[in-house]
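# Structure at a glance
Letter by letter, the chains look like this.
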Amino acid sequence: MWSPKMPKDEHIKKPSSAAGGWGALKSVGKQLMGTGQAVTGAKTLLKLNQADGFDCPGCAWGDPEHGSSFEFCENGVKAVAWEATRARVTADFLREHSVASLQTWSDHDLEHLGRLTAPLRYNAQTDHYEEVSWSAAFEGIAQALNALETPNQAEFYTSGRASNEAAFLYQLFVRLFGTNNFPDCSNMCHEASGVALTEAIGIGKGTVQLEDFEQADLVYCVGQNPGTNHPRMLATLREVIERGAKVCVFNTLKEKGLHRFADPQNKIEMIVGGSQPTSTEYFQPRLGGDMALFRGMSKVVLEAEDKARAEGQPPVLDHDFIAGHTSGFEDWCDIVRATDWQHIEAQSGLSRADITRAAELYLNADKVIVTWAMGITQHLHSVDTIREIASFMFLRGNIGREGAGLCPVRGHSNVQGDRTVGINEKAPAAFMDALEKELGVTLPREPGHNVADAIGAMLNGSAKAFFALGGNFARAVPDSTLVAEAMGKLDLTVNIATKLNHGHLMPGKVSYVLPCLGRTEIDKNSKGERQMITVEDSMSMVHGSAGINTPASDQLKSEIGIIAGVAKATLGSEVVDWDALADDHDKIRDMIARVLPMFGEFNTQVRKPRGFWLRNPAALREWNTPTNKANFGVAQLRDQTEWQAAQGQEATFVLQTLRSHDQYNTTVYAMDDRYRGVYGIRNVVFMHADDIKRIGAKADDIVDVVGCYNDGRVRACRGFRLVSYDIPRGCIAGYYPEMNELVPHQTVGTQSFTPTSKSVMVRIEPHGE
Ligand SMILES: Nc1nc2c(c(=O)[nH]1)N[C@H]1C(S)=C(S)[C@@H](COP(=O)(O)OP(=O)(O)OC[C@H]3O[C@@H](n4cnc5c(=O)[nH]c(N)nc54)[C@H](O)[C@@H]3O)O[C@H]1N2
Ligand SMILES: Nc1nc2c(c(=O)[nH]1)N[C@H]1C(S)=C(S)[C@@H](COP(=O)(O)OP(=O)(O)OC[C@H]3O[C@@H](n4cnc5c(=O)[nH]c(N)nc54)[C@H](O)[C@@H]3O)O[C@H]1N2
Ligand SMILES: [Mo]
C-alpha cells in the first residue's frame, strides 16, 4: 500500500523563484571539480561556441553573431565536462565486470565510468568485453555485415551529435552497402516538425535566425523547457522582454526557467540577486491540447477580421500574403469556423477567455515568432498541430520577413545537419540522383526503415544487425526492455561511442564497441594536420568545430576514421577512396557541396568566422511545395485526445515523459532536478494536489504506474514517488528514460511515426510488490 517514508538523501522542496543565478554557477563549479577538470575545464569552456573553438555538444540553439567568450551555459558546461572527464573505462575494469553484472548498473553509474579507451569485442563465452585491435574490429564487422542475406537486414542508427562529415560518410557507406535503413534519433524527436513544415512551407526546417528575435514583437514559446534544455535561449527571451516585446508561454507544467532568469554572466545581477522575467503571459494547456488552442486563437483572429470588415476598419488579415503566397485558405477557414468552442475548451483545457487573451497578443503584434519542441512533437496528432501553428502564422503573413517566423528548436547539436546531408530513410530523388552521379553507380531507392520500422524488424526477427553512430538506442526507444531483449538476439551489434551505456550491454552474437573522439578533442590526420568538422544549428547556420583537448586515449579514432575503416573493410575502395576522405575532411566537404549545391563554396564559407547560412527558401517566401504556395492545414481536431479518453476511467491519467535538469537524454549527470525542487531521486510522478487527493493518496506516497495499452504486455514502473505539482488535473509527468517502459512502441504519431512519449495513458495504483 501507500508508503510515506522517504530515504534521507531524497527530498522534494519548493523550487526557488528564478532559473540560472548562483544555483547555476554552483552547479557549474560542481561539474568542473567533480570531473577533475577545474583547470583544463576553464580553458575548454573559453573555446566553446567561439569562431575558432568547438561547437557545444549540448543543444542546437543558435550562436550570436558577436559571440563573447561567455557564450556557454550551465548545461553546456555539464555536456562538455562530461566528455572531458578524466575517468576511463579500462581493460582491467572490463575483466572484472561481466556484461550481465553491468546490466544491473544505473544509467548514471555507467556513464560515470568515464571514457572508452580502446576498441572492444564481446566474448560470449565469458560474457565480457575485451580489447581488440582496430584492424581486427574492422575485419570482424565487415565479415558479419557481408554474411547477411540482404543488406536490408541491417539497421544503421544515427544520433544527432554526429558531424555533417561523419553523417555524410556514413550514409555513403550504408547506401553503397545496399540499404536505406536509417533509423535516426530525429524520428523520436522533431520528425513531426520536418513532415508538417515540408507540407506547409516546402522545407522541413524553421525559418528564423537568431537576429529575428531582436525584431519580434511577440514570441510564443510552446511545449518546451528552455531553462533546462536550451538555457542560452533564456537570455534571448529575457532580451525580448527587456525591449518591451512579449513572450507568451504555453506549457503544461509551470517551468521555472519560463518565469524568471538570473543571468550568471551578468555580474550586477549576480551581486544584487536580481533576475528578469522570461515570459509575460503563461498558459497551461492540457497534454495534447495545443492544436485546439491554436485553432481557438485562429477563430479569434477570423472573428476580429469579420468585425473589422463589418465596421469598415482596416483588415486584420494580411490579404496580400494570403492571396499571393498561400493555398487552401478558404477550406481551412471553413474547418476553423465549424469547430465549436466547447470542443476547443475541452481539448485544450483553456477557457475561451484565456484563448482570446492569448490571441489578442497576436492581433496587437506586427512581428511574431513561434518556437516549439517536444511538448508539441511527441503526440499522436503532432503533424496536424504543427500545421495548425503554421496556418495561424500565415493569417498575418508572419513568415519570411524580419522578426517573424516558425522556429522548431532542435535537440541534438547537429540533428538538423545530419538530415540535410542524407541521413534519411526516404531521401529526396534529387539527392539520390546527385549522389549516383557523383559516385558513378546505382544506389538502392527502396525506402528504408525509420526507428518505428527498425523496432518492428527487431521484434519480428527480420533485422539481424544493428549499427549505431552514437546514441543509446536501447534506452531512448519506447518499450525499452522489450527492444533491448530483441537486440540481444541479433547476429551483429556495433556501437561507435564515447562512453559506455546500456545500449552496448545488449550485445548481439558478434558485438563491437568502437571508441571515438569527442567534439572537445583534437583530431589530427596521418600527417599530423588538425582536422575540423562542421555542424548546422536550429537556425540553419553551418559552422566549423575543432577540439582543443588531448584525446582521452591515444587509441581513439574520429567517427569519420571509424566509418572509413568499416567501409573499406566491408566494400573495398573501388568506388570511394575511404582513406583519402578520412585523411582530409576538406575532401568530404567538397563532395557534400557537389551533391548538395546549397553548400556552395563549403570549404571557403565555413572558414569565415561564425560560418554561413544554408539558404532556406521558405524564409525568402519561395515555396517548394506541389502547389508552389504555402499550404494551410486541412485537419479536423481529433474527436478526443488521450486526456479526454482518460476521463471517467478510474485513476487514469495522461503521462508525459520529460527531462530533468541534470540529464542529457539517456545520460544522467546527477539525481537532482533543481528547478522542479526534486533532489536525489528520479523515480517520481508529478501530479496535481487535487488528483493526489482524488486517488486517496498523499504527496510523497509511493505508487505504481501501469500502462493502459492493451496488447497483452504488462507495462509498469513500480515504486515511484508522488510529487505535488502545478500541472493540469488529469495530466501527470515523469522522467525519461526510466519511464520508457510505459511508452508502447505501437502508438506513434500519424505521418511522423514518432513515439507518443508526451501522451501515454496510464493508471496509478497503490504500490504492490
Ligand atoms: N540539458 C539538456 N539539454 C538538452 C537535452 C537534454 O536532455 N538535456 N536534450 C536535447 C534534445 S535531444 C531535445 S529534443 C531537446 C528537448 O527539449 P524539450 O522539448 O524542452 O524537452 P522535454 O524535457 O521533453 O520538455 C518538454 C516540455 O514540453 C512541455 N509539454 C509536454 N507536453 C506538452 C503539451 O502537450 N503541450 C504543451 N504546451 N507543453 C507540453 C513539458 O511540460 C516540458 O516543459 O533538448 C535538447 N537539449
Ligand atoms: N520517453 C521518451 N523517450 C524519448 C524522448 C522523450 O522525451 N521521452 N526523447 C527522444 C529524443 S528527443 C531523442 S533525440 C532521443 C535521443 O536518443 P539518442 O540520441 O540515441 O540518445 P542519447 O542519450 O542522446 O545518446 C547518448 C550516448 O551517445 C554517446 N555519445 C555522446 N557523445 C558522442 C559523440 O560525440 N560521438 C558518438 N559516436 N557518441 C557519442 C554516448 O555513448 C552516450 O551514452 O531519445 C528519444 N526518446
Ligand atoms: Mo531530441
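Quantities reported herein were computed from a predicted structural model and do not represent experimental measurements.

Reading the values: rules and limits
- Residues numbered from 1 in each chain as written.
- Chains lettered and ligands numbered in written order.
- Predicted model: local features only at pLDDT ≥ 70, side-chain atom pairs only at ≥ 80, totals over all residues.
- Heavy atoms only, no water.
- Near = heavy atom within 4 Å.
- Polar contact = N/O pair within 3.5 Å; in protein donor to acceptor, adjacent residues only side chain to side chain.
- Areas by Shrake-Rupley, 256 points an atom, 1.4 Å probe, with all protein chains shown as cover.
- Helix = DSSP H or I, 4+ residues; strand = E, 2+ residues; numbered from the N terminus.
- Nonpolar A, V, L, I, M, F, W, Y, C, P; charged D, E, K, R; others polar.
- Domains from an automatic or database assignment.
- Contact = heavy atoms within 4.5 Å.
- Buried area = accessible area lost by both parts, 1.4 Å probe.
- Salt bridge = Lys/Arg side-chain N within 4 Å of Asp/Glu carboxyl O.
- 1 Å grid on protein atoms, 1.4 Å probe; cavity = no way out; pocket = protein on both sides within 12 Å on 5 of 7 lines; lining within 4 Å.
- Points joined across faces, edges and corners; volume = space filled by probe spheres on them.
- Buried < 20%, exposed > 50% of the residue type's maximum accessible area, 1.4 Å probe, protein only.
- Axes fitted to C-alpha atoms, helices over the stretch in contact; angles between N-to-C directions.
- Left-handed = near helix turned anticlockwise from the far one by under 90°.

### Topic: the site of ligand 1
Lining the immediate surroundings of ligand 1 are 32 residues, of which Asn251, Glu255, Asp290, Gln663 and Asn665 lie closest. Threonine 228 is positioned with one of its backbone polar atoms (N or O) 3.1 Å from a nitrogen atom of ligand 1. Between ligand 1 and the protein, one listed contact pairs a nitrogen atom with a backbone N or O atom of asparagine 229 at 2.8 Å. In isolation ligand 1 has 920 Å² of accessible area, and contact with the protein removes 99% of it. When residues of the shell around ligand 1 are traced back to their parent elements, those giving at least two are α10 (226-229), α18 (374-377), β23 (652-658) and β24 (663-664). Looking at the shell around ligand 1, its residues break down into 10 nonpolar, 18 polar and 4 charged. Both domains that meet at the shell around ligand 1, namely domain 2 (191-408) and domain 3 (639-766), each give it at least three residues.

### Topic: the domain arrangement of the chain
Size of an interface, as often reported, equals the accessible area lost when the parts are brought together. When its domains are assigned, the chain resolves into domain 1 (95-189 + 414-599), domain 2 (191-408) and domain 3 (639-766). Here domain 1 and domain 2 have C-alpha centroids that lie 37 Å from each other. With 12 residues of domain 1 in contact, the opposing surface of domain 2 contributes 11 residues. Three residues, Cys189, Ser538 and Met539, lead the burial of domain 1 against domain 2; their summed loss comes to 54% of the area buried on that side. At the junction of domain 1 with domain 2, the criterion picks out 2 salt bridges. Two residues, lysine 205 and glutamate 536, come together in a salt bridge whose shortest N-O distance is 2.8 Å. Seen at the junction of domain 1 and domain 2, the total is 7 residue pairs in polar contact (both at pLDDT 80 or more). Counting residues per element, the side of domain 1 that touches domain 2 draws most heavily on helix α20 (residues 415-420), at 3 residues. Of the residues that constitute the side of domain 1 that touches domain 2, the class distribution is 4 nonpolar, 6 polar and 2 charged.

### Some points on the site of ligand 2
Glu111, Tyr157, Ser159, Glu559 and Thr666 are the nearest of the 32 residues found near ligand 2. Side-chain polar atom of tyrosine 157 to an oxygen atom of ligand 2: 2.6 Å apart, as the coordinates give it. The side chain of tyrosine 736 places a nitrogen or oxygen atom 2.7 Å from an oxygen atom of ligand 2. Relative to its unbound accessible surface of 930 Å², ligand 2 loses 96% to contact with the protein. Elements represented by at least two residues in the shell around ligand 2 include exactly α23 (473-476) and β17 (492-497). Class assignment for the residues of the shell around ligand 2 results in 13 nonpolar, 13 polar and 6 charged.

### Concerning empty space enclosed by the protein
Under the definition given, this model contains 4 cavities of 30 Å³ or more. Considered as a void within the structure, the second largest cavity measures approximately 40 Å³ in volume. Forming the boundary of the second largest cavity are 10 residues, of which Asp55, Cys59, Trp61, Asp63 and Arg232 lie nearest the centre. Looking at the lining of the second largest cavity, its residues break down into 3 nonpolar, 3 polar and 4 charged.

### Section: unusual backbone geometry
The omega torsion across tyrosine 736 and proline 737 is 5°, close enough to zero to call that bond cis. Mapping proline 737 onto the fold places it in the loop between β30 (731-735) and β31 (760-766). Positive phi, normally seen in glycine, also occurs at aspartate 127, with a value near 60°. The exposure class of aspartate 127 is buried, given its relative accessible area of 19%. In this structure, arginine 610 is a non-glycine residue whose phi angle is positive, near 75°. Secondary-structure assignment places arginine 610 in the loop between α28 (602-605) and β21 (612-613).

### Side note on the packing of helix α13 (residues 290-310) against helix α17 (residues 352-363)
With their axes 9 Å apart at the nearest point, α13 and α17 run at an angle of 65° to one another. Between α13 and α17 lies a crossing whose hand is right-handed. Seen from α13, the contacting residues are Leu293, Gly296, Met297, Val300, Val301, Glu303 and Ala304; seen from α17, they are Arg352, Ile355, Thr356, Ala358, Ala359, Tyr362 and Leu363. Taken together, the residues of the contact of α13 with α17 break down into 10 nonpolar, 2 polar and 2 charged.

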